[in-house]
Amino acid sequence: FVFVKVGNIMYKAKYVIVTASIGVLQAGIITFIPPLPLQTSDAIDNIGMDEGMKVVMRFNEAWWESATGGPVSCMITEGPAAWCWPLTYKKCKDSSEQDHIIVCFSMGQNAIDLKSNANNDENIIEAVLHDLDAMFPNTPATDSYSGDGYVQDWGAHEYTRGVYSFPTVDTIEDGGNAFK
């Protein structure tokens with residue numbers, strides 16, 4: 001049988017399926033008794049898990065349409081904003097008012113750089129805005145930023161501890177025939 005203790009409650013089952021992220025498993029915050037088989041724990045330890053964050057910002061207008069001369073589906077910057085896409089939608093069903101949102105995914109080294117150079121959400125948003133300004137110098141994003149935004153840092157979140165997993169060097173042995 002498998003016993004799982006959550007708080008002060010003990011659960012008993014024949015089997016358990018663990019769907020924790022690789023980042024959580026690598027952090028060792030889940031205790032397995034008996035320990036996982038060596039092959040399984042080695043595989044967990046040898047999978048890469050990268051940093052990443054989502055930055056969401058509301059704007060007073062769809063400035064990107066003025067900057068590009070029309071609708072935009074995706075923007076890829078050379079800086080920490082990385083990959084962004086705009087969303088424009090009605091605020092309410094019966095309203096003509098619209099929300100103008102940009103969502104940016106900053107992954108890997110970009111996310112690491114953002115975290116180390118900007119120590120809080122406000123500074124991260126400012127860095128992303130400046131990156132968008134550099135991409136569109138004649139129509140700066142900062143001019144129409146409403147001040148409403150947030151950062152979701154998956155690398156720092158206790159239940160994810162990263163964004164995506166990837167194979168690392170030496171994860172594949174025997175010419176790709178066997179995995180660690």
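These numbers come from a predicted model, not from an experiment. (Residues numbered from 1 in each chain as written. Predicted model: local features only at pLDDT ≥ 70, side-chain atom pairs only at ≥ 80, totals over all residues. Heavy atoms only, no water.)

Peer 1: How would you explain the overall build of the chain if you had to name every residue and give the values?
Peer 2: If you tally the helices and strands in the chain, you get six helices and 11 strands. Since a compact globule built from 180 residues should have a radius of gyration of about 16 Å, the 22 Å found for the chain marks it as more spread out than a globular shape. For the chain, the spread of C-alpha atoms along the principal axes amounts to about 60 × 45 × 30 Å. Pairs at least 24 residues apart make up 64% of the contacts formed inside the chain by residues separated by at least 6 positions. Counting only carbon and sulfur atoms, one obtains 52% of the accessible surface of the chain, whose full area is about 11,700 Å². Charged side chains of the chain number 11 positive and 23 negative; the gap between the two group centres comes to 16 Å. (Helix = DSSP H or I, 4+ residues; strand = E, 2+ residues; numbered from the N terminus. Rg over C-alpha atoms; globule rule 2.2 N^0.38 Å. Contact = heavy atoms within 4.5 Å. Areas by Shrake-Rupley, 256 points an atom, 1.4 Å probe, with all protein chains shown as cover. Lys, Arg positive; Asp, Glu negative; His and termini not counted. Charge placed at Lys NZ, Arg CZ, Asp CG, Glu CD.)

Peer 1: Give me the pairing of strand 7 (residues 98-107): which residues, what numbers.
Peer 2: For strand 7, a buried count of seven out of 10 residues is recorded, marking the element as mostly surrounded by other parts of the structure. Note that strand 4 (residues 52-59) and strand 7 share eight bridges and pair antiparallel. Counterpart to Met57 in the pairing with strand 7 is Ile102. (Buried < 20%, exposed > 50% of the residue type's maximum accessible area, 1.4 Å probe, protein only. Pairing = 2+ DSSP bridges.)

Peer 1: Give a description of the state of the cysteines that names residues and reports values.
Peer 2: Inspection of every chain in the model, using the stated rule, returns one disulfide. Across a sulfur-sulfur distance of 2.1 Å, Cys84 and Cys104 are joined as a disulfide pair. Across the disulfide from Cys84 to Cys104, rotation about the S-S bond amounts to roughly 105°, and the bridge is consequently right-handed. With Cys84 in strand 6 (residues 83-90) and Cys104 in strand 7, this pair connects stretches of sequence that are 20 residues apart. (Disulfide = S-S within 2.5 Å.)

Peer 1: Explain helix 4 (residues 108-117) to me, and be specific about the residues and the numbers.
Peer 2: Listing the buried residues of helix 4 in full gives Gly108, Ala111 and Leu114. Take helix 4 and look down its axis: the buried residues cluster within an arc of 130°, on one side only. Opposite its buried face, helix 4 presents the exposed residues Gln109, Ser116 and Asn117, each directed more than 90 degrees away. Elements in contact with the buried residues of helix 4: strand 4, strand 7 and helix 5 (121-135). (Arc of directions from axis to C-beta.)

Peer 1: So what's going on with the layout of surface pockets? Residues and values would help.
Peer 2: Approximately 680 Å³ is the volume found for the largest pocket. For the largest pocket, the lining is made up of 20 residues, of which Phe3, Val4, Ile30, Thr31 and Phe32 are closest to its centre. Grouping the amino acids of the lining of the largest pocket by side-chain chemistry returns 17 nonpolar, two polar and one charged. (1 Å grid on protein atoms, 1.4 Å probe; cavity = no way out; pocket = protein on both sides within 12 Å on 5 of 7 lines; lining within 4 Å. Points joined across faces, edges and corners; volume = space filled by probe spheres on them. Nonpolar A, V, L, I, M, F, W, Y, C, P; charged D, E, K, R; others polar.)

Peer 1: Provide a residue-level description of the pattern of salt bridges, including the pertinent values.
Peer 2: As enumerated under the stated definition, the model contains four salt bridges in all. Linking Asp148 and Arg58 is a salt bridge whose minimum nitrogen-to-oxygen distance equals 2.1 Å. Of this pair, Asp148 sits in strand 8 (residues 145-153) while Arg58 is found in strand 4, placing the two residues 90 residues apart along the sequence. The exposure class of Asp148 is partly exposed, given its relative accessible area of 38%. For Lys115, the salt bridge is made with Asp153, and the minimal N-O distance between the two is 3.3 Å. Here the residue Lys115 occupies a position in helix 4, and Asp153 occupies one in strand 8, the gap between them amounting to 38 residues. Using a relative accessible area of 31% as the deciding quantity, one classes Lys115 as partly exposed. Several salt bridges converge on common partners, so that one network encompasses Glu51, Lys115 and Asp153. (Salt bridge = Lys/Arg side-chain N within 4 Å of Asp/Glu carboxyl O.)

Peer 1: Mind laying out helix 5, listing which residues take part and the relevant values?
Peer 2: A rise of 1.5 Å per residue sets the reference length of helix 5, with its 15 residues, at 21 Å; its end C-alpha atoms lie 21 Å apart and thus fit the reference within 8%. Every buried residue of helix 5 is listed here: Ile124, Ile125, Val128, Leu129, Asp131, Leu132 and Asp133. (Expected span 1.5 Å × (residues − 1).)

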